[in-house]
Amino acid sequence: MPRRTNDMPKRIITELSDEQEAMLPIYRDKWRSIQISTESIKQEKVAVVIKAAYAVSDYPEPEILFYSSPMTAIEKILTIENFKAYLGRDIHMKFAKRVVDHVQHGIAQQLDEHLLIRLRNQVQHPEFPYSQLIVIH
């Protein structure tokens with residue numbers, strides 16, 4: 001996909017087609033099932049995706065570690081001398097800034113604000129899909 005330049009017009013999506021609207025619950029259910037899955041990950045696939053993400057970023061590729069459970073990961077990390085320096089200060093905030101905020105900004109640049117709120121609500125709060133009271137973080 002070509003990168004957008006300043007010369008290219010900015011296209012804001014203001015509404016979805018009926019077909020796209022109908023797909024929202026299907027996608028929501030698909031990603032919820034992935035979110036709560038206890039199935040083991042495919043380590044090779046995960047490594048490929050992580051490496052690809054870092055290849056297009058300005059950040060050096062990290063060491064990728066896999067553990068059998070979150071508790072095992074915590075136990076292993078706590079055995080590392082000065083683990084906070086090893087992981088980096090405020091790693092969760094760095095992830096949020098580098099990845100989550102970047103993705104959210106990209107989406108917000110392409111969608112009308114009201115449509116973005118409505119879509120987010122349909123996914124996160126399907127019982128109140130048209131509420132404008134829930135704000136984006």
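K.L.:
Is there a simple way to explain the overall build of the protein chain in this structure?
P.N.:
Helix and strand counts for the protein chain come out as 6 helices and 0 strands. Helices (α) and strands (β) of the protein chain occur, in sequence order from the N terminus, as α-α-α-α-α-α. Across the 137 residues that make up the protein chain, the buried fraction comes to 12%. Residue pairs at least 24 apart in sequence account for 41% of intrachain contacts in the protein chain once pairs closer than 6 positions are excluded. Carbon and sulfur atoms make up 59% of the accessible area of the protein chain, which amounts to about 11900 Å² in all.

K.L.:
I keep staring at a nonpolar patch on the surface and nothing clicks. Help me out?
P.N.:
Among the surface-exposed residues, Met23, Ile26, Tyr27, Trp31 and Ile34 lie close enough to one another that they form a single nonpolar patch of about 520 Å² accessible area. Locating Trp31 in the fold gives a position in helix H1 (residues 18-35).

K.L.:
Please clarify how the environment of Ala47 should be interpreted in this entry.
P.N.:
As for its placement among the helices and strands, Ala47 is situated in helix H2 (residues 43-55). Ala47 gets classed as buried once you look at its relative accessible area, which sits at 16%. Residues Ala47 and Phe66 lie 19 residues apart in sequence; the distance between their C-alpha atoms is 9.7 Å. Discounting residues that sit within four places of it in the chain, Ala47 has contacts with Ile64 and Phe66.

K.L.:
Quick question: what am I supposed to make of the side chain of Arg28 here?
P.N.:
Note on placement: Arg28 falls in helix H1. Setting aside anything within four residues of it in sequence, one finds Arg28 in contact with Gln122, Val123 and Pro126.

K.L.:
Could you clarify how one ought to interpret the packing of H1 against helix H6 (residues 113-124) in this entry?
P.N.:
The description of two packed helices rests on the angle between their axes and on the distance between the axes. Between H1 and H6, the least distance of the axes is 9 Å, while the angle of their chain directions is 50 degrees. Viewed along their axes, H1 and H6 adopt a mutual orientation that is oblique. Between H1 and H6 the crossing geometry is right-handed. Counted together, Glu21, Leu24, Arg28 and Arg32 of H1 and Arg118, Leu119, Gln122, Val123 and Gln124 of H6 form the full contact between these two elements. Looking at the contact of H1 with H6, its residues break down into 3 nonpolar, 2 polar and 4 charged.

K.L.:
It is not clear to me how the environment of Ile107 should be interpreted in this structure. Could you clarify?
P.N.:
Inspection of the secondary structure puts Ile107 in helix H5 (residues 91-110). For Ile107, a relative accessible area of 39% corresponds to the partly exposed category.

K.L.:
What should I look at first to understand the pattern of salt bridges in this one?
P.N.:
Any two side chains of opposite charge can pair, given that their charged atoms come close. In this structure the tally under the stated criterion is 4 salt bridges. Of the charged contacts in the structure, one is a salt bridge between Lys51 and Glu61, with a shortest N-O distance of 4.0 Å. Residue Lys51 is found in helix H2, and its partner Glu61 is found in the loop between H2 and helix H3 (70-78); the two are separated by 10 residues along the sequence.

K.L.:
When you look at H6 in this model, what are you seeing that I'm missing?
P.N.:
An α-helix turns once every 3.6 residues. As a result, residues three or four positions apart point the same way. Between its first and last C-alpha atoms H6 spans 16 Å; for 12 residues at 1.5 Å apiece the expected length is 16 Å, and the two agree. The opening residue of H6 is Asp112, an N-cap whose side-chain oxygen sits 3.1 Å from the backbone nitrogen of His114.

Reading the values: the criteria
Residues numbered from 1 in each chain as written. Predicted model: local features only at pLDDT ≥ 70, side-chain atom pairs only at ≥ 80, totals over all residues. Heavy atoms only, no water. Helix = DSSP H or I, 4+ residues; strand = E, 2+ residues; numbered from the N terminus. Buried < 20%, exposed > 50% of the residue type's maximum accessible area, 1.4 Å probe, protein only. Contact = heavy atoms within 4.5 Å. Areas by Shrake-Rupley, 256 points an atom, 1.4 Å probe, with all protein chains shown as cover. Patch = residues over 30% accessible without salt bridge, like charges linked within 9 Å, V, L, I, M, F, W, Y side chains within 5 Å. Salt bridge = Lys/Arg side-chain N within 4 Å of Asp/Glu carboxyl O. Axes fitted to C-alpha atoms, helices over the stretch in contact; angles between N-to-C directions. Parallel < 35°, antiparallel > 145°, perpendicular 65-115°, else oblique. Left-handed = near helix turned anticlockwise from the far one by under 90°. Nonpolar A, V, L, I, M, F, W, Y, C, P; charged D, E, K, R; others polar. Expected span 1.5 Å × (residues − 1). Polar contact = N/O pair within 3.5 Å; in protein donor to acceptor, adjacent residues only side chain to side chain.

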